[in-house]
Amino acid sequence: MKKLILSTLLLAIASCSSYSTTDAAPESDALIATTTQANEIKVASWNIAWLGSHEYNQRTEADYQQLSDYAKALDADVIALQEVESEYWARKVFGDDYDYYFSTKDWVQRVGVAIKKSQGFKIKAEEYKALDVGRVRHGMDITLTKNDKTLHLLAVHLKSGCFTDPLDNTSINAMPSTNDKEARRKEACEKLSKQIAPLEQWIDAHATQGSTYIVLGDFNRRFTQDMASNYSEDKGLWQALNDGGQAALWTPTTAVNSDCWGGYYKDYIDHILFSPTAKELYIDASFEQLIFKPKYTKKLSQNLSDHCPISVRLKL
């Protein structure tokens, strides 16, 4: 009887151990894997290029099926969306497994966030209108709570057209505007420069509170070029946002080149920026870019998107 009790006790201890060996039962491995996955979430960003009723959206049902296939391959729990007109158009790609939260600005290129229902997040969603410094897109301010942890997200799509130019007033004022192309570029830099203050305001507010936060989306800015130019805080967007302490930022997109459409543009303009406490949740080497399979053509980049989705995995 004592031997039976001892054997039972040893078996119970072995089955409860988190140490796995090649002799572990398949059921134990499956349980460990399920528990690990349940504590992870995948966060992504995807600009889907004029997804809506606009004349630029000339997609066929076959195109939507292809986008839907890529969405399934992405299989993210939280997706920051750019250039998507509304929930209706998002559902054509991502289906009914998500809840959708979109800005209300009257423009087809809205910013939104799709959140997988099965994750069971407690969600607070607010439109961040402060980014609208004049005919530009709003952001979406999302708070997710799960497992007694709270993650703050700001989804953005910043002004396009000023990818590398210095953003200080002196440099912008000196930019030529003798033709339409130059004038549009100068205006883009002016508006992107004005968006720095509301971005910093959101970051600083959460940093002051010691919050865990991420800013993600289409920044329309090549941070690698900001760094290579060694810009001062008034000239580079990266330098302006990346302060010290809880406002110090990290992103995986500055350490690798983009392979989207065969590396057509090697510098990322889509980014996922982590606060120090958010960086602690980042699962090492989990940054990915989902690459479209066909060879680049302008038509294909319009039917699918000129942006490939990017993603990271977090412990939450």
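All values derive from a computational prediction rather than experimental measurement.

Participant: I keep staring at the pairing of strand S6 (residues 139–146) and nothing clicks. Help me out?
Facilitator: Along a regular strand, successive side chains alternate from one face of the sheet to the other. Burial within S6 is extensive, with seven of its eight residues counted as buried. Relative to S6, strand S5 (residues 122–128) runs antiparallel, the two sharing seven bridges. From the neighbouring strand, isoleucine 123 faces S6, where its bridge partner is leucine 144. Relative to strand S7 (residues 149–157), S6 runs antiparallel, the two being bridged by seven bridges. Counted as the bridge partner of threonine 143 is histidine 152 from S7.

Participant: I'm lost on the pattern of salt bridges in this one. Help?
Facilitator: Any two side chains of opposite charge can pair, given that their charged atoms come close. Within this structure, the stated rule accounts for twelve salt bridges. Two residues, lysine 92 and glutamate 61, come together in a salt bridge whose shortest N-O distance is 3.6 Å. Of this pair, lysine 92 sits in helix H4 (residues 87–94) while glutamate 61 sits in helix H3 (residues 61–74), and the two are 31 residues apart along the sequence. Between arginine 185 and aspartate 165 there is a salt bridge; the shortest N-O distance is 2.7 Å. Pair noted here: arginine 185 is in helix H6 (residues 180–208) and aspartate 165 is in the loop between S7 and helix H5 (169–173), with a separation of 20 residues, a long-range link. For arginine 185, a relative accessible area of 42% gives the class partly exposed. Residues participating in the shared-partner salt-bridge network are Asp75, Asp77 and Lys116.

Participant: Explanation requested: the pairing of strand S9 (residues 270–274) in the structure shown.
Facilitator: Burial runs high along S9: five of the five residues are buried. For strand S8 (residues 213–218) and S9, the ladder comprises five bridges, and the chain directions are antiparallel. Its bridge partner lying in S9, aspartate 218 is registered against aspartate 270.

Participant: What am I meant to see in the state of the cysteines here?
Facilitator: A covalent bond between the sulfur atoms of two cysteines is referred to as a disulfide. Under the counting rule described, the total for this entry stands at two disulfides. Between cysteine 260 and cysteine 308 runs a disulfide, and the two sulfur atoms are separated by 2.1 Å. The sign of the 80 degrees torsion about the S-S bond sets the cysteine 260-cysteine 308 disulfide as right-handed. Of this pair, cysteine 260 sits in the loop between helix H8 (237–241) and S9 while cysteine 308 sits in the loop between helix H10 (298–303) and strand S11 (310–315), and the two are 48 residues apart along the sequence. Judged by relative accessible area, which is 2%, cysteine 308 ranks as buried. Taking only the cysteines that form disulfides and numbering them from first to last, the chain has the pattern 1-2, 3-4.

Participant: What's the story with the sheet that holds strand S10 (residues 288–289) in this structure? I'm lost.
Facilitator: Strand pairing in a sheet takes place through backbone hydrogen bonds and is either antiparallel or parallel in direction. Reading across from one edge, S3-S4-S2-S1-S11-S10 is the order of the six strands in this open sheet, with mixed pairing throughout. Single-partner strands in this sheet number two, and they are strand S3 (98–102) and S10. Sheet analysis places strand S1 (residues 40–51) next to strand S2 (residues 78–84), joined by six bridges and oriented parallel. Within the sheet, the bridge partner assigned to valine 43 lies in S2 and is valine 78. In the packing of H3 onto the sheet, contacts are made with S1, S2 and S11, and the angle to S1 comes to roughly 160 degrees.

Participant: Please clarify how the environment of alanine 240 should be interpreted in this entry.
Facilitator: Within the fold, alanine 240 resides in helix H8. Considered as a pair, alanine 240 and isoleucine 196 are 44 residues apart in the sequence and their alpha carbons are 7.2 Å apart. Each residue touching alanine 240, except ones within four places of it in the same chain, is listed here: Ile196, Glu200 and Glu233.

Participant: Quick question: what am I supposed to make of H3 here?
Facilitator: At 3.6 residues per turn, the α-helix brings residues three or four places apart onto the same side. Spanning 14 residues, H3 covers 20 Å between terminal C-alpha atoms, matching the ideal 20 Å at 1.5 Å per step. Taken as a whole, H3 has its buried residues at Asp63, Tyr64, Leu67, Ser68, Tyr70, Ala71 and Leu74. On an axial view of H3, the arc spanned by its buried residues comes to 160 degrees, and they lie on one face. In H3, the exposed positions that point more than 90 degrees away from the buried face belong to Glu61, Ala62 and Lys72. Elements that come into contact with the buried residues of H3 comprise S1, S2, H4, H10 and S11. Phi for aspartate 75, located one or two positions after H3, is positive at around 50 degrees.

About the cut-offs
- Residues numbered from 1 in each chain as written.
- Predicted model: local features only at pLDDT ≥ 70, side-chain atom pairs only at ≥ 80, totals over all residues.
- Heavy atoms only, no water.
- Buried < 20%, exposed > 50% of the residue type's maximum accessible area, 1.4 Å probe, protein only.
- Helix = DSSP H or I, 4+ residues; strand = E, 2+ residues; numbered from the N terminus.
- Pairing = 2+ DSSP bridges.
- Salt bridge = Lys/Arg side-chain N within 4 Å of Asp/Glu carboxyl O.
- Disulfide = S-S within 2.5 Å.
- Contact = heavy atoms within 4.5 Å.
- Axes fitted to C-alpha atoms, helices over the stretch in contact; angles between N-to-C directions.
- Expected span 1.5 Å × (residues − 1).
- Arc of directions from axis to C-beta.

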